[in-house]
Every structure is written in structure tokens, then in C-alpha cells.
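Below, each chain spelled out in residue letters.
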Amino acid sequence: MFSAHFGRDLSVSRPMEPNRFGDILAFVSAVKTGSFTAAAASLGLTRSAVGKSVARLEARLGVRLMHRTTRKLNPTDEGLVVFDRWSQILEDLDEVDATMAQRRGKPGGILRLTAPLSFGQRHILPVLNAYVKTWPQIQADVWFTDRYIDLIEEGIDVAVRIGGIKDDARVLSRTIGGQQFVTCASPGYLADRGVPATPADLAQHDTIFFLSGQRPMPWRFLHDGAIEVCDGPGRMNIDSSEALREAALSGFGLIHLPTYITGKDLQRGDLVEVLEAYRPPADPIRLIYPSKRHLSPRTRTFIDLLVDQWRDGVPWERFDPSA
């Protein structure tokens, strides 16, 4: 089994040149950023140094690795082949660093996190605040946005996603809760206009829809085992879930929002749920993170903290008399 390895003549192996690793790092960074200038800024080098690194690699391999234009760099077919291999090598080196950091037990570096806008501001930010206070060597870069972000392409450590997710072998997921939509209004509005008994009754009410792009998001209800959709028209359409909540609290009309926004208002009685028998199924709330063999300590400890804090249920569904 092992004779082929024993028979190998190691004397002919070429030692790695001292600057070759730096050249590879410069090339991979140039492909990812699309320019020598951006690669230089990310590595703390000059633009000329990055260009020379790529030129040395091309001379060594005897092929052109980059198409150079005045606007953007694009890898050649050969460049794409070596980019994939070298990127994997660099990721493996990062994993070695992460494994050693795990053995030391102290997370550090930059935690890159993304979550939906309202959800992140309301429920992820408090956990993140506790996390960075516990680990002073951590810096957090956070994107609270409803825009879809590709974790791998944009170098994100962990993302919070709500609802269905794409099949992607590059990432793992962990469900940490559920998003439950409810229909509700203020007690004053319901006293004045009455309580709808079925989704069909909404046509006789003032409704406020969430505006996504140029289109109101339809309301979903579960009726006789099937999903029934109400798509308005709304008396008002607003592109902010926080503004929808405020409009409902002021007595303007009915809203259809997740309990992570309205939960405390419902507990206090400032909003009252209607059509409870027609609640749609809850959507899963998941943590998404790259499927590496070893999670970085910063990612692992953040996930552990969030799961631990939500172990007894999601915070917006816990009753707090003082809230």
C-alpha cells in the first residue's frame, strides 16, 4: 500500500520561493475585488506591488492569469482554475488558524453578520451587544438589510434568514425560532369598525399593507387546510414595518405583521389579534453559516450565545408584565 510513497525521490521537489505565498494571496485578492487597487488596499500593499505579484505568477506558470482592462480585471480560464485551487488552500490555512484559536478558547477578529432589518435591530442587536461585551477582542461588522447576501461571495460569518432557503452545499443551517404572522388592530379601531370574522370581511375594513419595492405584500391565511391570500387593495401601503405598527397603534386600521414586531403590543393589549383561527403556518427563522469543518471561534461562540438566550423561547413571545 505504501511502497509508492517510500520510493518517491524527495530531492527533486522544488522549494516554495519566499515571496510565492504573498503572490498567491495578492492574485486571489485581485480576483475577488476586481482590481489591483482594491486588492492593494485590503492587503496593505501598493497597487504596483500587487501587479508585480500577478506578473511573477504568470511568468512562473507560463500562462496569462488576468485580462486587464481600464475598468476591471477578469480572470482567464487558466486564472479561474488556479483561483479555485489557491482559494481553497487559503481557506484551509484559515481553518488551521481557527482550530488553534479554538484550542486557546478565546474568540477574536471580525464577526461579519447579516440579518433582516427590523428583526435584526429588535432581536439580534441585543444579543450582539452582550456578545461584544463578553469578548473584547471581537469587532462586529453588521448588515441589517432585507437584501439577499451571498455568505460565501461576501465573506459573511453568519446570517439570519426567515422563511425558505436555497439549497446550497456550501452552507449549514440551524433553526432557532419561528416567524408567526398575525392580523391585529387597536382596541379603539375594532370598537368603532367591528371585528372581522373571516378574511373575506377585510374588504369592509381599512387595511395597511407592507410595501416591498413597488408592490404590497399579500396577507396569507390558512382556511380549510389551504392558503388563502388577501392582496388588498390597502387603504394605505407603507414600506416600513415599524411605521405599519405605529399606524395600527394610532387606530388607523388593520395590519398583518410578525409577532416579533407586534408581540409586546399584543401582550399589553395595545393591539388585539383578529382572525386567529385563520393564522398561517409559522416560517422558520434560521442561522446560516459556511459549512467548514471547523467553525471559527467567533462564529461558534456567537451561535452558542444566541441559542442559549433563546433556549426558553423567542424573546418576543415571553410574557413580561413590566414591558
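All figures in this text were calculated on a predicted structure; none of them were measured in a lab. (Residues numbered from 1 in each chain as written. Predicted model: local features only at pLDDT ≥ 70, side-chain atom pairs only at ≥ 80, totals over all residues. Heavy atoms only, no water.)

Peer 1: Give me the lowdown on the packing of helix H9 (residues 241–249) against helix H10 (residues 259–268), citing residues and values where you can.
Peer 2: Running from N to C, H9 and H10 point in directions that differ by 20°, and their axes come no closer than 10 Å. Classified by the angle their axes make, H9 and H10 are roughly parallel. As H9 packs across H10, the resulting crossing turns out to be right-handed. Of the residues in H10, those touching H9 at Ser 241, Arg 245 and Leu 249 are Ile 261, Asp 265 and Arg 268. Of the residues assigned to the contact of H9 with H10, the class counts are two nonpolar, one polar and three charged. (Axes fitted to C-alpha atoms, helices over the stretch in contact; angles between N-to-C directions. Helix = DSSP H or I, 4+ residues; strand = E, 2+ residues; numbered from the N terminus. Parallel < 35°, antiparallel > 145°, perpendicular 65-115°, else oblique. Left-handed = near helix turned anticlockwise from the far one by under 90°. Contact = heavy atoms within 4.5 Å. Nonpolar A, V, L, I, M, F, W, Y, C, P; charged D, E, K, R; others polar.)

Peer 1: Residue-level account of the sheet that holds strand E9 (residues 215–216), with values.
Peer 2: If you walk across this open sheet you meet the three strands as E9-E8-E12, and the pairing is mixed. Across the chains shown, the open sheet's two edge strands, defined by having one partner strand only, are E9 and strand E12 (236–238). In this structure, strand E8 (residues 208–212) lies alongside E12, joined through three bridges in parallel fashion. By the bridge assignment, Phe 209 is partnered in E12 with Asn 237. H9 rests against E8 and E12 of the sheet, and its axis sits at about 170° to E8. (Pairing = 2+ DSSP bridges.)

Peer 1: Outline the sheet that holds strand E3 (residues 109–115), listing residues and values.
Peer 2: Strand order in the open sheet made by the five strands is E4-E3-E5-E15-E6, with mixed pairing throughout. At either end of the open sheet lies a strand with only one pairing partner, and these are strand E4 (138–144) and strand E6 (171–179). Strand-to-strand twist of the sheet, defined as the mean angle between neighbouring strand axes without regard to direction, takes the value 20°. Taken together, the four bridges between strand E5 (residues 158–162) and strand E15 (residues 283–290) define a ladder with antiparallel strand orientation. The partner of Ala 159 across the bridge, within E15, is Ile 288. In the packing of helix H6 (residues 117–134) onto the sheet, the strands contacted are E3, E4, E5 and E15, and the crossing angle to E4 comes to about 175°. Against the sheet, helix H11 (residues 297–309) contacts E3, E4, E5, E6 and E15, and its axis sits at roughly 45° relative to E3.

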